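Chain by chain, the residues:
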2 protein chains.
Amino acid sequence: MADTNTRKRRGGGRAGAAARRGAAVIDQMPWNPPINIDRPTEPLGPEGVEAIHDGAMRILEEIGIEFYNQEALEILREAGCIINGDNVRMGRDFVMEMVAKAPSTFTITPRNPNHTIEIGGKTMLFGNVSSPPNYWDMEIGKKVPGNREMCRNLLKLTQYFDCIHFAGGYPVEPVDLHASVRHLDVLYDKLTLTDKAMHAYSLGKERVEDVMEMVRIAGGLSHEEFEASPRMYTNINSTSPLKHDHPMIDGCLRLARRGQAIVVTPFTLAGAMAPVTMSGAVAQSLAEALCAIALFQYVRPGIPCVIGTFTSNVDMKSGAPAFGTPEYIRSTQMTGQMARFYGLPLRSSGVCAANVPDGQAVWETSNSLWAAVQSGTNMVYHAAGWLEGGLIASPEKFIMDCEILQQIQRYMQPEICATGPDEIALEAIRAVGNDGHFFGIQHTQDRYTTAFYQPFLSDWKNYEGWEVAGGIWTAERAHLMFKEIINSFEAPPMDEAIREELADFVARRKAEGGAPTDF
Amino acid sequence: MADTNTRKRRGGGRAGAAARRGAAVIDQMPWNPPINIDRPTEPLGPEGVEAIHDGAMRILEEIGIEFYNQEALEILREAGCIINGDNVRMGRDFVMEMVAKAPSTFTITPRNPNHTIEIGGKTMLFGNVSSPPNYWDMEIGKKVPGNREMCRNLLKLTQYFDCIHFAGGYPVEPVDLHASVRHLDVLYDKLTLTDKAMHAYSLGKERVEDVMEMVRIAGGLSHEEFEASPRMYTNINSTSPLKHDHPMIDGCLRLARRGQAIVVTPFTLAGAMAPVTMSGAVAQSLAEALCAIALFQYVRPGIPCVIGTFTSNVDMKSGAPAFGTPEYIRSTQMTGQMARFYGLPLRSSGVCAANVPDGQAVWETSNSLWAAVQSGTNMVYHAAGWLEGGLIASPEKFIMDCEILQQIQRYMQPEICATGPDEIALEAIRAVGNDGHFFGIQHTQDRYTTAFYQPFLSDWKNYEGWEVAGGIWTAERAHLMFKEIINSFEAPPMDEAIREELADFVARRKAEGGAPTDF
């Protein structure tokens, strides 16, 4: 047991070794997505589950969801739903029949198959912050619009940290790139700087098709191979309350038809876009997600779908969104219960309202990450790097969050709680007796290198030692580490022919004008 | 339901109102110790519980614990234990018979009966940081020895915050007070500045007797009234591995004989004073605690006892203690399972290794506070204000921690997850439909003042608003709040005759020379 553990933690796998090649700034835990061994925290009794389910179904049956997508309306009409203009009402039998077709577990295989992720069951996966328009770091010292270099640096962190298991959306929007070609440049950066599971924004057919093609090329795949199993995914939000916009549905339909995975995440802020009561906000969120998943299952039965939750609340004094609050934690747990009721994998997030990587940022983020643990979340979006309610990406926050994520990864290793005779250690206790210590004994010597979590950012020196080392607070330590990681970063290997094919594709599509920007 | 909630959250109770009188720097939640409605996280299966229990019992049966207390040795000999020098071995039948006499729930009634606490069951109670020799605040900007003013200021925070339910040990050691009279001055300060449940250090008979007498006087109690039910408590640590020192046992016996409560908290750092394996460290901790509790139950059957855990690990590179680690969380959860097995209330702590109130301090503290939730902890020691592994007390950290504690308090309010028709809110969703928002509707208006947690320290403004307000990071905001609270603090009311009696007692005992300092 101890030996296996040693190999696992220190040796890394092929994936772990590859990720750290030539870039050993820190001694991190190897690639090893945690298995959530805890029983979920379930605030709802059976009658609570039934009440929320019934609420979600009655929203779909009696109120309906608007689909601003003609194709979806035609499909749902054919499926027997009641269509009035853009409004779609669907019966619970249909919804439940369709949702039951979605797999409870599936894989996404990126260009590095050692970074294949399994989504569902008890696996927890962490992704980088996605989509902030702005950037903050300690050197710049203020909030600034994102650019390509910032985006590339955050992608390097995404690749560098083995506790980041999938590459979400753009870790910051590079607004220096024209919107018509931004997806081409960023995907080129993502596919060359990282080798983890990829994401496409559902923002118009050209972007979605371009990204699928680039992921196919990067994987060295035929079209048949690409479509045979998920190689990437998209994530869409509904437009709460009770609307699905054209491009999101369009993108999902395109991915579904090519066998790729879909995450549907309503963004229901209680008191603003959803009821002020959390169970009502959860019911509405479920209704918005389930009707879309039903559509995708009707189009392509068995297509992998994940149900997302982003139910938080607003500050009723200012209308500002709040994150990582007690209400956020409970709504995430409630949605987790409902996701298990529907047999769907769950996505939640690592979130905060704080504007800088300070104490508040950490308690809000810790609350949301513990909510992910407690809810049985499978995909944790924005798990590293998010500030200001998702409006700012920060490399310091990214690195601080990775320390928390690694601790969750270690927390989920069952050997911590092993209770065999070697762990109860009666003979070691007898040998030390009443008057010694355990530092030097064989039982300790045999285990000390792997017995405990080793942090890379936490400073466990006493005050005097910490002071001598500069008296540096956490965020600044993270900043120094950020610079070191970026300076020594080596991209994961890519076949030169593939890299050229990707570059040619980008050049050709740019020459064609990229994608429309009329969204 | 909503009405009750409104009254509860906004009105406070008499205790809440009293605590805030004339000192409304912040709008805090009223006194209302949380009821832990979550099912505990239980990493051990039944065979794991049995293995740890068997390990603890075999330590007591085969290895024995040293009691450096002649009186205890005599009592335990009389009870049938096997005594060899200071070493005591006791059979599991005796231990289990004695431990079974301890109540699973009891109360401590301080001088303000509105601040009576119930310890055990599902109640969670938070206490201030206890016993750091040093102090740090942002104005001083470095670690300095504690003094009486600092101690008084931290006591004011202890009283001010309604989420602090009991007054632990000295929130910082006032080393400017001579050790012979320190307990007299600090208890005078504690009893006049706070009206919450009191603690006595078990550091020699004079101190313990003096503190009991002062608590009795402050409560306006006869000796019979004082002894009729717990009015205070002591907390002792064993000297791991496997030793109990004279003054701790002596103090406990004195309190037990006068009907006061006892917390026994071994401090077993895995890899140093306990096995490097967490279940071994937990088994040893249990053995050290249970033998003392067995002694106290033999002396005074039914005396309230709490089992404490302080099982963490050392950094095996430096020997430095680590806190709030994955191993700490799991050992706290395991000890929680064992405490329920033994039918004893549980104490754990809010802890960190960080030297300043930064991001690391918050993730370590959050981890330990979530561990308290998950373990079913009843008393959370050091819940506010602890830094550097307990060597530093900080007012900024105190206030930051109170924000986290309040969130746990709110998290435990079952109404967040209510699922009645009013909460599912189908009619509100119907009324808003696909194209509105929930800000203005009646369903929101009826509930918005109490629907969500309102922070006092978290800043939910957007970046620009935060910047205009000074761009102040969390710890500095806490510092400003600290100054305001101290400047406007009003002590809880105390009958002038009682205050004089207390002062006279202090003067008399000082004239007598106080307590010996040869410990």
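Residues numbered from 1 in each chain as written. Chains lettered and ligands numbered in written order. Predicted model: local features only at pLDDT ≥ 70, side-chain atom pairs only at ≥ 80, totals over all residues. Heavy atoms only, no water.

Examining the relation of the copies chain B and chain A
Next, step 1: Each copy of the sequence occupies a distinct position, and chain B is placed on chain A by a rotation of 180 degrees and an axial shift of 0.0 Å, giving an RMSD of 0.0 Å. Those values place the two copies in the arrangement expected of a two-fold rotation axis. Among all residues of chain B, the minimum C-alpha distance to the rotation axis is found for glycine 359 of chain B, at 2.5 Å.
Next, step 2: Looking at chain B, 100% of its interface residues are interface residues in chain A too, so the copies touch through the same face. (Least-squares fit on C-alpha atoms with pLDDT ≥ 70 in both. Contact = heavy atoms within 4.5 Å.)

Observations concerning the packing of aromatic side chains
Next, step 1: On inspection of all chains with the given rule, the structure shows 32 aromatic pairs over all chains.
Next, step 2: Measuring from centroid to centroid gives 5.0 Å for phenylalanine 341 of chain A and tyrosine 342 of chain A, while their planes differ by 80 degrees, and the two rings are edge-to-face.
Next, step 3: You can call phenylalanine 341 of chain A partly exposed: its relative accessible area is 36%.
Next, step 4: An angle of 85 degrees between the planes, with centres 6.0 Å apart, marks the rings of phenylalanine 166 of chain B and tyrosine 233 of chain B as edge-to-face. Highlighted residues: phenylalanine 166 of chain B in the loop between α6 (148–160) and α7 (182–193) and tyrosine 233 of chain B in strand β10 (residues 232–236), separated in sequence by 67 residues. Assigned by exposure class, phenylalanine 166 of chain B and tyrosine 233 of chain B land together as buried.
Next, step 5: The rings of Tyr160, Phe161, Phe398 and Phe456 of chain A are connected pair by pair, giving a single aromatic cluster.
Next, step 6: Of note, arginine 347 of chain A hangs over the ring of tyrosine 381 of chain A, and the distance from its end group to the ring centre comes to 4.0 Å. (Phe/Tyr/Trp six-rings, centres within 6.5 Å; stacked < 30°, edge-to-face > 60°. Buried < 20%, exposed > 50% of the residue type's maximum accessible area, 1.4 Å probe, protein only. Helix = DSSP H or I, 4+ residues; strand = E, 2+ residues; numbered from the N terminus. Lys NZ or Arg CZ within 6 Å of the ring centre and 35° of its normal.)

Observations concerning the sheet that holds strand β3 (residues 87–89) of chain A
Residues and elements named next belong to chain A.
Next, step 1: Pairing in this open sheet of four strands is mixed, and the strands run β2-β3-β1-β11 from one edge to the other. Every other strand in the sheet has two partners, leaving β2 (82–84) and β11 (243–244) as the edge strands with one partner each.
Next, step 2: Along the sheet, helix α3 (residues 46–63) contacts β1 (65–67) and β3; its crossing angle with β3, the most-contacted strand, is approximately 125 degrees. (Pairing = 2+ DSSP bridges. Axes fitted to C-alpha atoms, helices over the stretch in contact; angles between N-to-C directions.)

Observations concerning the confidence of the model for chain A
For any part of a model where pLDDT is low, the fine detail of the predicted coordinates should not be relied upon.
Residues and elements named next belong to chain A.
Next, step 1: Chain-level statistics for chain A give a pLDDT mean of 95 and a share of 95% at 70 or above.
Next, step 2: Across residues 1–23, confidence stays below pLDDT 50; counting only partners more than four residues off in sequence or on other chains, it has 40 contacts.
Next, step 3: For this predicted complex, the interface confidence comes out at an ipTM of 0.95, alongside a pTM of 0.95. (pLDDT = per-residue confidence, 0-100.)

Section: the environment of alanine 256 of chain A
Residue and element names in this part refer to chain A.
Next, step 1: Position of alanine 256 relative to the elements: it lies in helix α10 (residues 246–257).
Next, step 2: Take alanine 256: its relative accessible area is 0%, and that puts it in the buried class.
Next, step 3: Distance in space between the C-alpha atoms of alanine 256 and glutamate 74 is 17 Å, their sequence separation being 182 residues.
Next, step 4: In this structure, alanine 256 is in contact with Ile262, Arg300 and Ile303, ignoring residues within four places of it in sequence.

Section: the pairing of strand β4 (residues 105–108) of chain A
Residues and elements named next belong to chain A.
Next, step 1: Residues Phe106 and Ile108 of β4 are buried on one face, while the alternating residues Thr105 and Thr107, pointing to the opposite face, are not.
Next, step 2: Two strands pair when backbone bridges link them, and β4 and strand β5 (residues 117–120) are joined in this way by four bridges, in the antiparallel orientation. Bridging across to β5, phenylalanine 106 finds its partner in isoleucine 119.

A word on helix α6 (residues 148–160) of chain A
Residue and element names in this part refer to chain A.
Next, step 1: Taking 1.5 Å per residue as the helical rise, α6 with its 13 residues ought to reach 18 Å, and the 18 Å between its terminal C-alpha atoms agrees with that figure.
Next, step 2: In terms of burial, α6 is a largely internal element, ten of the 13 residues being buried.
Next, step 3: Residues Met150, Cys151, Asn153, Leu154, Leu155, Lys156, Leu157, Thr158, Gln159 and Tyr160 constitute the buried set of α6.
Next, step 4: Where α6 begins, one side-chain oxygen reaches toward the backbone nitrogen of glutamate 149, 3.1 Å away; that side chain belongs to asparagine 147. (Expected span 1.5 Å × (residues − 1). Polar contact = N/O pair within 3.5 Å; in protein donor to acceptor, adjacent residues only side chain to side chain.)

Side note on the domain arrangement of chain A
Residues and elements named next belong to chain A.
Next, step 1: Looking at chain A, the domain boundaries give domain 1 (16–40 + 100–414 + 498–511) and domain 2 (49–92).
Next, step 2: For domain 1 and domain 2, the distance between their C-alpha centroids amounts to 26 Å.
Next, step 3: Listed as interface residues are 28 residues of domain 1 and, on the opposing side, 22 residues of domain 2.
Next, step 4: Buried surface at the junction of domain 1 and domain 2, summed over both partners, amounts to about 2100 Å²; 74% is from carbon and sulfur atoms.
Next, step 5: If you sort the residues of domain 1 by the area they bury against domain 2, Leu242, Cys291 and Tyr298 come out on top, with a joint share of 25%.
Next, step 6: There are one salt bridge connecting domain 1 and domain 2.
Next, step 7: The partner of glutamate 71 in a salt bridge is arginine 257, with the nearest N and O atoms 2.6 Å apart.
Next, step 8: One can count eight residue pairs in polar contact (both at pLDDT 80 or more) joining domain 1 with domain 2.
Next, step 9: Contributions of two or more residues to the side of domain 1 that touches domain 2 are made by β11, α10, α11 (278–299) and α12 (326–342).
Next, step 10: It is α11 that provides the largest number of residues to the side of domain 1 that touches domain 2, a total of 14 residues.
Next, step 11: Classifying every residue of the side of domain 1 that touches domain 2 by side-chain character gives 18 nonpolar, five polar and five charged. (Domains from an automatic or database assignment. Buried area = accessible area lost by both parts, 1.4 Å probe. Salt bridge = Lys/Arg side-chain N within 4 Å of Asp/Glu carboxyl O. Nonpolar A, V, L, I, M, F, W, Y, C, P; charged D, E, K, R; others polar.)

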